[in-house]
Amino acid sequence: MDGFTVAIDGPAASGKGTISRAVAAHFGFAHLDTGLLYRAVAVKSLEGVGPLQAALALIASDLHAEGLRMPAVAQEASRVAAMPDVRAALVDFQRSFALRAGGAVLDGRDIGTVICPAAQVKLFVTASAEVRAQRRFAELSGTGHATNFEEVLADVQARDARDMGRADAPLRPAEDAVEVDTTEMAIDDAVAAVVALIESKR
Ligand code: C5P
């Protein structure tokens, strides 16, 4: 099972995080939410640190920046994520994580296309922007963040456009990725389908 990699890409609130965590727990794989890398750089960038300097410092430290889930951090993350030098600084860390013994799940935007093009399983998880914004809105309301649905939808759409439109490692499915549309699918059914797919490739 050494070096068995599951690459899971998709836009914000598509369900890829939930699927990744469930799959990692099911198979005993390590899990890396690569969005946290860009969010950690974003927190530093909002504090005035240069994004490349923040990325280089990050891979030499642990990932415990505060407030990584806040909407302003998500927007800044997609800005710093468009910088090729920031992305380049984070590549080796992600690739070594993917090859660790015992298997790994990485989720993000460019895992199947750029970080792990040889991954044994590649998924592209999607859902309509409205459904994704509803999920994010419920999540934010649940944690006491004052917000409204229209604002969350606009944020999701702005981030989608930036992530899909950038020149370096844009968000798109790898040619050999299996697409999972969670718009009308219960998350447990999506997880079961993905577990079955991975079983068939092991
Ligand atoms: O997944 P999450 O919403 O935490 O990602 C935050 C931002 O980080 C994304 O909008 C995207 O711009 C960037 N990102 C990326 N490549 C990845 C993971 C995240 O560009 N592999």
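Residues numbered from 1 in each chain as written. Predicted model: local features only at pLDDT ≥ 70, side-chain atom pairs only at ≥ 80, totals over all residues. Heavy atoms only, no water.

### What about the layout of surface pockets?
Right, on to step 1. The calculated volume of the largest pocket comes to roughly 580 Å³.
Right, on to step 2. Considering the residues around the largest pocket, the lining is formed by 30 residues, among which Ala12, Ala13, Lys16, Arg69 and Arg136 are closest to the centre.
Right, on to step 3. Those elements that provide at least two residues to the lining of the largest pocket are helix 1 (16–27), helix 2 (35–46), helix 4 (71–80), strand 3 (104–108), helix 7 (129–142) and helix 8 (149–165).
Right, on to step 4. Top element by residues in the lining of the largest pocket is helix 1. It accounts for four residues.
Right, on to step 5. Its residues assigned to classes, the lining of the largest pocket shows seven nonpolar, eight polar and 15 charged. (1 Å grid on protein atoms, 1.4 Å probe; cavity = no way out; pocket = protein on both sides within 12 Å on 5 of 7 lines; lining within 4 Å. Points joined across faces, edges and corners; volume = space filled by probe spheres on them. Helix = DSSP H or I, 4+ residues; strand = E, 2+ residues; numbered from the N terminus. Nonpolar A, V, L, I, M, F, W, Y, C, P; charged D, E, K, R; others polar.)

### Some remarks on the packing of aromatic side chains
Two measures describe an aromatic ring pair: the distance that separates the ring centres and the angle between the ring planes.
Right, on to step 1. The final tally for this structure, using the stated rule, is three aromatic pairs.
Right, on to step 2. Judged by centre distance (5.7 Å) and plane angle (35°), the rings of phenylalanine 4 and phenylalanine 29 are tilted. Pair noted here: phenylalanine 4 is in the segment before strand 1 (5–9) and phenylalanine 29 is in the loop between helix 1 and strand 2 (30–33), with a separation of 25 residues, a long-range link.
Right, on to step 3. Residue classification places phenylalanine 29 among the buried residues on the basis of a relative accessible area of 7%.
Right, on to step 4. Members of the aromatic cluster, each reached through a chain of ring pairs, are Phe4, Phe27 and Phe29.
Right, on to step 5. Arginine 100 extends its terminal NZ or CZ atom over the ring of phenylalanine 97, reaching a point 3.9 Å from the ring centre. (Phe/Tyr/Trp six-rings, centres within 6.5 Å; stacked < 30°, edge-to-face > 60°. Buried < 20%, exposed > 50% of the residue type's maximum accessible area, 1.4 Å probe, protein only. Lys NZ or Arg CZ within 6 Å of the ring centre and 35° of its normal.)

### Things to note about unusual backbone geometry
Right, on to step 1. In this structure, alanine 13 is a non-glycine residue whose phi angle is positive, near 60°.
Right, on to step 2. As for its placement among the helices and strands, alanine 13 is situated in the loop between strand 1 and helix 1.
Right, on to step 3. What makes alanine 13 buried here is its relative accessible area of 12%.

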